[in-house]
Amino acid sequence: MTFNLNNGQASNTLKIGYWNSCGITNKTNELEAYIKKEGIQIMLVTETRLERNSKALNIKGFHTYLAQNPTSHRKGGTATIVNQNIRHTCLNPIETDFMQSAPIALIPSSRIRADMTIVAPIYCPPVYKWTTEQFSKLFNHFEMLLDGKSKFILGGDWN
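Residues numbered from 1 in each chain as written. Predicted model: local features only at pLDDT ≥ 70, side-chain atom pairs only at ≥ 80, totals over all residues. Heavy atoms only, no water.

As recorded in an unreviewed UniProt entry, the chain goes by Pol protein and comes from Drosophila melanogaster.

Shown next, in the form of structure tokens:
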């Protein structure tokens, strides 16, 4: 997926990837090769299944932000892997048993808060039945992170 930051100008186009890894520990070399081969600048990964403070996703030239399942590292988890040249800020992760997300906010050249875009992976375990109200709360949460004026891209395993 490509994403235009400013009016479709080629120099402001990001290449964003998504992958449900079903456990990333033994696949990090494959992931790194894919990111570099395809020129991915932001990679959203779900079902990382990493332990707290894991260093498994340290990729040279990239920042990695994790969100874990608080009840077990063997379930769920997400990662947002961002090229170090992308202007962004890390937002607080969502780490609940029914959802994990590691959101970032892209900082446009204008630096205007209302022009920022949130990008986040989402993992929702299949044991929980999501309702319209829960989805509305999630979307409202992302809207309110940047004073209700943000745009967002959410990619993930919604089950």
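(A) A look at the environment of Thr46. Its location among the elements puts Thr46 in strand 3 (residues 42-46). Residue Thr46 is classed as buried on the basis of its relative accessible area of 0%. Spatially, the C-alpha atom of Thr46 lies 8.7 Å from that of Gln100, the residues being 54 residues apart in sequence. Discounting residues that sit within four places of it in the chain, Thr46 has contacts with Tyr18, Trp19, Asn20, Ser21, Cys22, Gly77, Thr78, Pro121, Ile122, Tyr123, Gly156 and Asp157. Looking at Thr46, its side chain comes within polar contact range of the side chain of Tyr18, at 2.9 Å. (Helix = DSSP H or I, 4+ residues; strand = E, 2+ residues; numbered from the N terminus. Buried < 20%, exposed > 50% of the residue type's maximum accessible area, 1.4 Å probe, protein only. Contact = heavy atoms within 4.5 Å. Polar contact = N/O pair within 3.5 Å; in protein donor to acceptor, adjacent residues only side chain to side chain.)

(B) Representation of helix 1 (residues 28-38) within the structure. Taken residue by residue, helix 1 has Thr28, Leu31 and Ile35 as its buried positions. The buried side chains of helix 1 occupy one side of the element, clustering within an arc of 60 degrees when seen end-on. Exposed and facing more than 90 degrees away from the buried side of helix 1 are Asn29, Glu30 and Lys37. Each element contacted by the buried residues of helix 1 is listed here: strand 2 (13-20), strand 3, strand 4 (62-67) and strand 5 (78-83). Of the residues one or two after helix 1, Gly39 is the one with positive phi, at around 70 degrees. (Arc of directions from axis to C-beta.)

(C) Up close: the pattern of salt bridges. Enumeration according to the criterion identifies five salt bridges in this entry. In this structure, the salt-bridge partner of Glu32 is Lys36, at a minimum N-O distance of 2.9 Å. Of this pair, Glu32 and Lys36 both sit in helix 1, four residues apart, roughly one helical turn. Owing to a relative accessible area of 23%, Glu32 belongs among the partly exposed residues under this scheme. Two residues, Glu38 and Lys37, come together in a salt bridge whose shortest N-O distance is 3.3 Å. Residues participating in the shared-partner salt-bridge network are Lys15, Lys37 and Glu38. (Salt bridge = Lys/Arg side-chain N within 4 Å of Asp/Glu carboxyl O.)

(D) Broad picture of the packing of aromatic side chains. Per the counting criterion, the structure on display carries seven aromatic pairs. Aromatic side chains Trp130 and Phe135 sit 4.9 Å apart centroid to centroid with 40 degrees between the ring planes, which places their arrangement in the tilted category. For Trp130, a relative accessible area of 17% puts it in the buried group. Taken together, the aromatic side chains of Phe98, Tyr128, Trp130, Phe135, Phe139, Phe152 and Trp158 make up a single cluster linked through ring pairs. (Phe/Tyr/Trp six-rings, centres within 6.5 Å; stacked < 30°, edge-to-face > 60°.)

(E) Spatial organisation of unusual backbone geometry. Here Glu47, not a glycine, exhibits a phi torsion of approximately 50 degrees, which is positive. Examined against the element boundaries, Glu47 turns out to sit in the loop between strand 3 and strand 4. Given the relative accessible area of 9%, Glu47 is considered buried. Phi is positive for Asn159, which is not a glycine, with a value near 45 degrees. By the element assignment, Asn159 lies in the segment after strand 11 (151-157). Accessibility expressed as a relative area gives 52% for Asn159, which makes it exposed.

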